[in-house]
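Here is how the chains run, residue by residue.
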Amino acid sequence: MESAGAGGGGAAARGSGGLPEWQNLVTFGSFSNMVPCSHSYFCTLSQVKLYSTNVQKEGQGSKTLQVEKIPSLDEAAELKGPHTKQEPLQVRVKAVLKKREYGPKYTQNNFITGVRAINEFCLKSSDLEQLRKIRQRSPHEDTESFTVYLRSDVEAKSLEVWGSPEALAREKKLRKKAEIEYRERLFRNQSILREYRDFLGNTKPRSRMTSVFLKGPGKVVMVAICINGLNCFFKFLAWIYTGSASMFSEAIHSLSDTCNQGLLALGISKSVQTPDPSHPYGFSNMRYIASLISGVGIFMMGAGLSWYHGIMGLLHPQPMESLLWAYCILAGSLLSEGATLLVAVNELRRSAAAKGMSFYKYVMESRDPSTNVILLEDTAAVLGVTIAATCMGLTSITGNPLYDSLGSLGVGTLLGVVSAFLIYTNTEALLGRSIQPEQVQRLTELLENDPSVRAIHDVKATDLGLGKVRFKAEVDFDGRVVTRSYLEKQDFDQMLQEIQEVKTPEELEIFMLKHGENIIDTLGAEVDRLEKELKKRNPEVRHVDLEIL
């Protein structure tokens, strides 16, 4: 029975007029064309059974020949009798591409750059000149394309150069050791060079880190450090002279402000450092970190010591000396703190107007953490001076030191409120705060209005600090538009000729793989185009991650 089926498949393959096996469709006019016999027997199509035979071809996927099995003469006679009218019988042959199993690790088609090939496989530039070179679309904005190599070629070349995997591993170990020694020497040389510059004086032009303190938040912080440092010095002198608890709280307040503003200056200097491999998104969050530490410092040093001194004054009240000098110092402090407050307010108003936000909303969302801290500290300083002067005046009038101790507690409470607000707002910023909904909507509409995009999902736009935004979204691309974009750049006559030359499954596979890879490259180019368009129309967007859905 099986031989009959196989014979029928062979006859079908030979009776197709020279067409390939996968295009055969053979129709037999009568059963006697296949089996010579003087009797006419026939079997109905309902009794036809399907058998398959796999034919493997070297280097290609397998194809399955499916043929209809025809019963033998005796079976046909028993089923239908000797006088049954003959009907056509069709034999169909189908070609099926076998699914390939790549396994858990498949790197034969991977591309690697020349730098990786030299570093990871210990090759020289001359070794790479003998390998196949492939021009690839560059993922970087400053270059359009670059040269890559097949990983399989690089691996084979490294084994040819070094002889065995063990020899290659030994060479990698030696190079790693040499790299560590080089870094140690470089560190020592940098230390010597730094000492040399300190000895002779640094004559380099003004750096970016220095210029950042001459404008914007850096300027506000430096002004505040100078004023608060002077206020702290004079308030301590007044406290030593008068012994006032309120004056002690104000001195501690100015000291904490000066220390915290020093932390803000450190955060600003760190935030302008260029990104490195360990911190690819930069150090802009250092301003929020410094502001958070500043808030904790205000609470621990300012509020804590003020409460402590106020409570001790309530438990052990002591008479105070003349408060004339204290009033004079408080008046000077009020003027200086007010001037610093005015500088901070002007800077925040300018920044809020540039962002298109109200002053109140800009402050509440802590968009500029350094200037925000100065604003709150100076506001607390002005209110604290007012509270201290009022309580000291009541003590002078009534002669009761209780009011002075209450003033110390009031200043401590004020500092505690400011500290809590700073801790909350900067923690929210460090957790990854979203940008304004209107801005997110504008970015989303820009993508949705593009003809190659069907829909946008899972949009995330976070503020990285210093006006930098990171945008991420999953994009559902229209495959027809992307394919049409690819076809518009092709020669249709040449493509039609290639299609007409396809006669076998192998040729069809080569044709589809060629154009399929080109279409995927076109899709990648569409992603790059959308990312550049987003950055061009929205300069605050520095990092764009578009994921293909």
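Residues numbered from 1 in each chain as written. Predicted model: local features only at pLDDT ≥ 70, side-chain atom pairs only at ≥ 80, totals over all residues. Heavy atoms only, no water.

Things to note about the packing of helix α15 (residues 437-448) against helix α18 (residues 505-537)
The contact between α15 and α18 brings their axes to 11 Å, and the two run at 140 degrees. The angle between α15 and α18 places the two elements in the oblique class. Judged by the twist between their axes, the crossing of α15 over α18 is right-handed. For the pair formed by α15 and α18, the contact residues are Leu443, Leu446 and Leu447 on the first element and Leu530, Glu533, Leu534 and Arg537 on the second. Taken together, the residues of the contact of α15 with α18 sort by class into five nonpolar, no polar and two charged. (Axes fitted to C-alpha atoms, helices over the stretch in contact; angles between N-to-C directions. Helix = DSSP H or I, 4+ residues; strand = E, 2+ residues; numbered from the N terminus. Parallel < 35°, antiparallel > 145°, perpendicular 65-115°, else oblique. Left-handed = near helix turned anticlockwise from the far one by under 90°. Contact = heavy atoms within 4.5 Å. Nonpolar A, V, L, I, M, F, W, Y, C, P; charged D, E, K, R; others polar.)

Observations concerning helix α10 (residues 286-315)
Along its 30 residues, α10 runs 42 Å from first to last C-alpha, staying within 8% of the 44 Å computed at 1.5 Å per residue. Of all bends in α10, the biggest is about 25 degrees, found at isoleucine 298. Taken residue by residue, α10 has Arg287, Tyr288, Ala290, Ser291, Ser294, Gly295, Ile298, Gly302, Ala303, Ser306, Gly310 and Gly313 as its buried positions. Buried residues along α10 sit against α8 (216-242), α9 (245-271), α13 (369-398), α14 (402-430) and β8 (453-465). (Expected span 1.5 Å × (residues − 1). Bend = angle between axes of the 7 residues up to and from the residue. Buried < 20%, exposed > 50% of the residue type's maximum accessible area, 1.4 Å probe, protein only.)

Topic: the sheet that holds strand β5 (residues 111-113)
Here three strands make up an open sheet; going across it, the order is β5-β7-β6 and the pairing antiparallel. On the outer flanks of this sheet lie β5 and β6 (134-137), each paired with one strand and no other. Averaged over neighbouring strand pairs, the angle between their axes works out to 55 degrees when direction is ignored. Sheet analysis places β6 next to strand β7 (residues 145-150), joined by four bridges and oriented antiparallel. Bridge pairing in β7 places glutamine 136 opposite phenylalanine 146. Contacts between helix α3 (residues 114-121) and the sheet are confined to β5 and β7, with β5 contributing the most and set at about 85 degrees to the helix. (Pairing = 2+ DSSP bridges.)

Some points on the state of the cysteines
One pass over the full model with this rule turns up zero disulfides. We note that cysteine 259 lacks a disulfide partner, and the nearest cysteine sulfur, in cysteine 232, lies 7.7 Å from it. Here cysteine 259 falls in the partly exposed class, since its relative accessible area comes to 39%. (Disulfide = S-S within 2.5 Å.)

Describing the UniProt feature "transmembrane region" (unreviewed entry) in the chain
Under the UniProt annotation, the feature "transmembrane region" (unreviewed entry) is placed at residues 220-241, 288-311, 323-345, 380-399 and 405-424. Counted over residues 288-311, helix gives 100% and strand 0%. Its end C-alpha atoms are 33 Å apart. (UniProt positions renumbered as here; feature names shortened; annotations may be inferred.)

Topic: the pattern of salt bridges
All chains considered together, the criterion is met by 17 salt bridges. Residue glutamate 171 pairs with arginine 175 through a salt bridge whose shortest N-O separation is 3.0 Å. With glutamate 171 and arginine 175 both in helix α6 (residues 165-200) and four residues apart, this pair spans about one turn of that helix. Residue glutamate 171 is classed as buried on the basis of its relative accessible area of 18%. The partner of aspartate 478 in a salt bridge is arginine 480, with the nearest N and O atoms 3.4 Å apart. With a relative accessible area of 11%, aspartate 478 lands in the buried category. Within the structure, one salt-bridge network assembled from shared partners comprises Asp450, Glu526 and Arg529. (Salt bridge = Lys/Arg side-chain N within 4 Å of Asp/Glu carboxyl O.)

Some words on the packing of aromatic side chains
As enumerated under the stated definition, the model contains three aromatic pairs in all. Centre to centre, the rings of phenylalanine 233 and phenylalanine 234 are 5.4 Å apart; their planes meet at 70 degrees, and the pair counts as edge-to-face. Note on phenylalanine 236 and tryptophan 239: the rings are 6.4 Å apart at their centroids and 75 degrees apart in plane angle, and the pair reads as edge-to-face. Here tryptophan 239 and phenylalanine 236 lie together in helix α8, a separation of three residues that amounts to about one turn. Three or more aromatic residues joined by ring pairs form one cluster here, namely Phe236, Trp239 and Phe248. A cation over a ring is seen here: lysine 172 above phenylalanine 121, with NZ or CZ 5.5 Å from the ring centre. (Phe/Tyr/Trp six-rings, centres within 6.5 Å; stacked < 30°, edge-to-face > 60°. Lys NZ or Arg CZ within 6 Å of the ring centre and 35° of its normal.)

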